[in-house]
2 protein chains.
Amino acid sequence: MSPDQLGVLIKETQAVLNQRMDEVLRPLGLSVSQYACLRNLHEEPGITGSELARRTFVSRQSMNVLVQGLERHGLVERAPEPGPRRERGAMLTHAATEILARADNAVSDVVGAMTEHLGQEQRNELHALLSACRDALARESSR
Amino acid sequence: MSPDQLGVLIKETQAVLNQRMDEVLRPLGLSVSQYACLRNLHEEPGITGSELARRTFVSRQSMNVLVQGLERHGLVERAPEPGPRRERGAMLTHAATEILARADNAVSDVVGAMTEHLGQEQRNELHALLSACRDALARESSR
DNA sequence: GACTTCATGTCAACAGTTTGACACACAATC
DNA sequence: GATTGTGTGTCAAACTGTTGACATGAAGTC
């Protein structure tokens, strides 16, 4: 098997996964990007917009409009006055944590269906292999 | 390990892979989307724009402007008169096959670096696991 | 203290993509 | 043969995301 096929395979898997997630998140009024944003803010509250952008692989400009949208919908609140480095940390509102809980369930269903036919051992193996690929690619960038 | 982590891991890996591919393809004057387009046209010449769109997970409208761009750059040629179902098959020009050969080398380097530290057995394993995930998700869509 | 450097937030212009709509062309069905 | 259904190509509007630029605040350096 040519290793090049792994590239398109990763893209295909991610594309289909994204489609499924969009299908289950749309009824909740969330896009996949918005869900990723809420998820990161829940794991680490008070995080800055730029940091959020890095974690979700988008520019900080587009993350800014994304957070503004969530703010308009009353899902996040940002510190009114800037902090140390002019940064304005964002926090989830109570409404957001409720929606996020339902979104998490929906996403778990999708990912669960994806790994349905895999044993625990195989899931660990997949996790290890993908991590190795990601890290190898990340190392490649700095040299 | 929670299976949910596999979702973000797939996204992370695909994102970094996309970045690396963009870095090596940009000097050749190709975007990742354009490369994918040429690659598919090389494997199956005369393919239609809509089919191309399905294989690269974009709408047929955006694939249309993409192919138009490649046509302007003299990389693809489309049948002047529509075929059976109003379809206009596209073919690669000689210049395209030359650029594609160099692009393939560049991409092989990236994917090669990604799987550098993996044995042949592990690559096969990764391929099998990812295929299973993709197919499970694809099955999920139709029910 | 003045200077450079770096990170954040934000504005504006731009490119790429999607959604919705329409016009065809062919196949299938009645 | 008329009708319905499906697939293709294409136009226009809307959305999402990127790039470039600027102002600001904080830290380091001379």
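Residues numbered from 1 in each chain as written. Chains lettered and ligands numbered in written order. Predicted model: local features only at pLDDT ≥ 70, side-chain atom pairs only at ≥ 80, totals over all residues. Heavy atoms only, no water.

**Q** Quick question: what am I supposed to make of the environment of B:Cys133 here?
**A** Among the secondary structure elements, B:Cys133 is positioned in helix 6 (residues 120–141). Not counting residues within four places of it along the chain, the set of residues in contact with B:Cys133 comprises A:Thr13, A:Met114, A:Leu118 and A:Leu126. (Helix = DSSP H or I, 4+ residues; strand = E, 2+ residues; numbered from the N terminus. Contact = heavy atoms within 4.5 Å.)

**Q** In this structure, what is going on with the nonpolar core? I would like to understand it.
**A** The nonpolar side chains of soluble globular proteins are, as a tendency, buried together. Within the largest apolar cluster, 76 residues are counted, with the highest numbers of intra-cluster contacts made by A:Leu126 and B:Leu126. Dropping the residues within four chain positions of it, B:Leu126 is found in contact with A:Leu6, A:Leu126, A:Leu129, A:Leu130, A:Cys133 and B:Leu118. (Core = buried A, V, L, I, M, F, W, Y, C linked by side-chain atoms within 4.5 Å. Buried < 20%, exposed > 50% of the residue type's maximum accessible area, 1.4 Å probe, protein only.)

**Q** Mind showing me how you'd approach the protein's contact with DNA strand C here?
**A** Taken together, 22 residues are adjacent to DNA strand C, and A:Thr48, A:Asn64, A:Arg88, B:Gln61 and B:Pro84 come closest. Within 4 Å of the protein, the contacting atoms of DNA strand C are drawn from sugar and phosphate to the extent of 61%. Note that a phosphate oxygen of DNA strand C is positioned 2.9 Å from one of the side-chain N or O atoms of A:Ser50. A distance of 2.9 Å separates a phosphate oxygen of DNA strand C from a polar backbone atom of B:Ser59. At the level of secondary structure, the elements contributing two or more residues to the surface near DNA strand C comprise helix 3 (49–56) and helix 4 (60–72) of chain A together with helix 4 (60–72) of chain B. Residue composition of the surface near DNA strand C, by class: 3 nonpolar, 9 polar and 10 charged. (Near = heavy atom within 4 Å. Polar contact = N/O pair within 3.5 Å; in protein donor to acceptor, adjacent residues only side chain to side chain. Nonpolar A, V, L, I, M, F, W, Y, C, P; charged D, E, K, R; others polar.)

**Q** Mind showing me how you'd approach the environment of B:Arg60 here?
**A** Residue and element names in this part refer to chain B. With respect to the secondary-structure elements, Arg60 resides in helix 4. You can call Arg60 exposed: its relative accessible area is 56%. Remark: the alpha-carbon pair of Arg60 and Ser50, spanning 10 residues in sequence, is separated by 5.1 Å. Not counting the four nearest positions on each side in its chain, Arg60 is found in contact with Ser50 and Ala53.

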